[in-house]
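Chain by chain, the residues run as shown.
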Amino acid sequence: MKKEANTIVNTLKAKKLRVTPQRFAVYANLLERTDHPTAEQILSDLNQNAPTSSQATVYSALQALREVGLVREVLLEPGICRYDANIEAHHHFRCRCCGVIEDLPWDTFESINLKGLRQGIKAERYEVIVEGICDRCE
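Bear in mind the structure is a predicted one, so any value in this text is a computation, not a measurement.

Trainee: Give me the pairing of strand β1 (residues 72–77): which residues, what numbers.
Mentor: Judged from the five bridges that link them, β1 and strand β2 (residues 80–84) form a sheet pairing that is antiparallel. Pairing of R72 across the sheet is with D84, part of β2. Linking β1 back to β2 in an antiparallel pair, the connection comprises two residues, with G79 at a positive phi of about 75°.

Trainee: Explain the nonpolar core to me, using residue names and the numbers behind them.
Mentor: The biggest cluster of nonpolar side chains holds 22 residues, and the ones touching the most others in it are V26, L30, V58, L62 and L65. The set of elements that each furnish at least two residues to this core consists of α1 (2–14), α2 (21–31), α3 (39–46) and α4 (55–67). Discounting chain neighbours no more than four positions away, the residues touching L30 are P37, I42, L62, V71, Y83, D84 and A85.

Trainee: I'd love a proper account of the packing of aromatic side chains, names of residues and values included.
Mentor: Taken as a whole and assessed by the stated rule, the structure comprises one aromatic pair. With centroids separated by 5.1 Å and ring planes inclined at 40°, the aromatic side chains of W106 and Y126 adopt a geometry described as tilted. With W106 in the loop between β4 (101–105) and β5 (129–132) and Y126 in the loop between β4 and β5, the pair connects residues that are 20 residues apart, well separated along the chain. Note on W106: relative accessible area 33%, which makes it partly exposed.

Trainee: Any details on the pattern of salt bridges? Residues and values, ideally.
Mentor: Tallied over the entire structure, the rule returns nine salt bridges. Between R33 and D45 there is a salt bridge whose closest N-O contact spans 2.6 Å. Linking R33 in the loop between α2 and α3 with D45 in helix α3, this pair joins segments that are twelve residues apart in sequence. Residue classification places R33 among the buried residues on the basis of a relative accessible area of 17%. Classification of D45 as partly exposed rests on a relative accessible area of 33%. Of the charged contacts in the structure, one is a salt bridge between R94 and E77, with a shortest N-O distance of 2.9 Å. Taken together, the residues R94 in strand β3 (residues 90–95) and E77 in strand β1 connect sequence positions 17 residues apart. Judged by relative accessible area, R94 falls into the buried class, the value being 14%. By sharing partners, the salt bridges in this structure join E77, R82, R94 and E131 into a single network.

The rules we used
Residues numbered from 1 in each chain as written. Predicted model: local features only at pLDDT ≥ 70, side-chain atom pairs only at ≥ 80, totals over all residues. Heavy atoms only, no water. Pairing = 2+ DSSP bridges. Helix = DSSP H or I, 4+ residues; strand = E, 2+ residues; numbered from the N terminus. Core = buried A, V, L, I, M, F, W, Y, C linked by side-chain atoms within 4.5 Å. Buried < 20%, exposed > 50% of the residue type's maximum accessible area, 1.4 Å probe, protein only. Contact = heavy atoms within 4.5 Å. Phe/Tyr/Trp six-rings, centres within 6.5 Å; stacked < 30°, edge-to-face > 60°. Salt bridge = Lys/Arg side-chain N within 4 Å of Asp/Glu carboxyl O.

In structure tokens:
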């Protein structure tokens, strides 16, 4: 754990972020997860043993981490913002029954042709969201 803690501290410092216990805790929590939690889920995890973080603190930490590119917001359903520490290019699958979210490798899709966009639109990035039923719900 000490090595992982040093890695997190060095990563935050490399991004010119002040290392606070709250930022450290939020980032460490996200790095351990693949479920794309909401801010509320992160807060619940952090306060499981004893209330130490507030909702505002978690949102502030998430915003700082997002602004320097250490986490990304994932919008897979209306009105729900989730967070992902996997900042490598990838897509997402969301089960419409149980809500599980899985990362899909970037090369899952052979090719996506953006040439069909109307003239005047310049695509800078894209992400595919696949929605369906997972094998556990089927």
